[in-house]
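# A closer look at the structure
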Amino acid sequence: GYEDRVYRLYYNEGQNRVDEVSGLGVVLGLAGSFICARMGLIPLSGMHLIGGAAAGSTIGVLAAVATMPPKAPKQSVNIVMEQIKPSS
């Protein structure tokens, strides 16, 4: 049930990578919002800071997915492909 799903997510390298890059995006988005507020480009309010963090998180997830290395096919797929491959 739930424990199995949590275990698989915890040890999934792709999920861990997305989580790390998303967290970095939150920090950068929050910092960017704060800098813009200090420069007078946006008001310094909690909603603007939260919005910057949310935008950073979204950009982080998109960047992680866009730069994810391709996965190698599972061994079972290779075995099946060899079985159905026409012989010459």
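Before going further, it helps to examine the overall build of the protein. Along the protein, the regular secondary structure elements total four helices and zero strands. When the helices and strands of the protein are placed in sequence order, the string is α-α-α-α. Taking all 88 residues of the protein together, 14% fall into the buried category. When the accessible surface of the protein is split by element, carbon and sulfur atoms take 66% of a total near 7300 Å².

A word on the packing of helix H2 (residues 13-38) against helix H3 (residues 46-66). One way to put it is that H2 packs onto H3 with a least axis distance of 6 Å and a crossing angle of 145 degrees. In this structure, H2 meets H3 at a crossing whose hand is right-handed. Two secondary-structure elements touch here, H2 through Arg17, Val18, Val21, Ser22, Gly25, Val26, Gly29, Leu30, Ser33 and Phe34 and H3 through His48, Leu49, Gly52, Ala53, Gly56, Ser57, Gly60, Val61 and Ala64. Among the residues forming the contact of H2 with H3, the class breakdown is nine nonpolar, nine polar and one charged.

A grouping of Tyr7, Tyr10 and Tyr11 is seen on the molecular surface, where their side chains present a nonpolar patch of about 420 Å² in accessible area. Tracing the backbone through its elements, the reader meets Tyr10 in helix H1 (residues 2-10). Since its relative accessible area comes to 56%, Tyr10 is described here as exposed.

In this structure the tally under the stated criterion is two aromatic pairs. Pairing Tyr10 with Tyr11 gives two aromatic rings, centres 4.8 Å apart and planes at 85 degrees, and the pair type is edge-to-face. Take Tyr11: its relative accessible area is 53%, and that puts it in the exposed class. Taken together, the aromatic side chains of Tyr7, Tyr10 and Tyr11 make up a single cluster linked through ring pairs.

The rules we used
Per chain, residue numbering runs from 1 following the sequence as it is written. Predicted model: local features are reported for residues with pLDDT of at least 70 only, side-chain atom pairs are reported and counted for 80 or more only, and whole-chain, interface and lining totals are derived from all residues. Side-chain measures here rest on the full set of heavy atoms in the structure, leaving out hydrogens and waters. Numbering of helices and strands runs from the N terminus, with a helix taken as a DSSP run of H or I at least four residues long and a strand as a DSSP run of E at least two residues long. Partly exposed residues are those whose accessible area sits between 20% and 50% of the maximum for their type, while under 20% is buried and over 50% is exposed, using a 1.4 Å probe and protein chains only. Computed with the Shrake-Rupley method and a 1.4 Å probe, the accessible areas treat only the protein chains shown as cover for residues. Note on method: axes are straight lines fitted to C-alpha atoms, helices fitted across the in-contact stretch only, with angles between N-to-C directions ranging 0 to 180 degrees. Left-handed describes a crossing in which the near helix is turned anticlockwise from the far one by less than a right angle; the clockwise case is right-handed. Contact criterion: two residues are considered in contact whenever any of their non-hydrogen atoms come within 4.5 Å of each other. Under the convention adopted here, Pro, Cys and the residues Ala, Val, Leu, Ile, Met, Phe, Trp and Tyr are nonpolar, Asp, Glu, Lys and Arg are charged, and Gly plus all remaining residues are polar. The residues that make up patches have over 30% relative accessible area and no salt bridge, and they are joined within 9 Å when like-charged or within 5 Å when they are Val, Leu, Ile, Met, Phe, Trp or Tyr. Note on definitions: salt bridges are taken to be side-chain nitrogens of Lys or Arg within 4 Å of carboxyl oxygens of Asp or Glu. Two rings belonging to Phe, Tyr or Trp (six-membered ring only in the last case) form a pair when the distance between their centres is within 6.5 Å. Interplanar angles under 30 degrees mark stacking, angles over 60 mark edge-to-face geometry, and anything in between is tilted.

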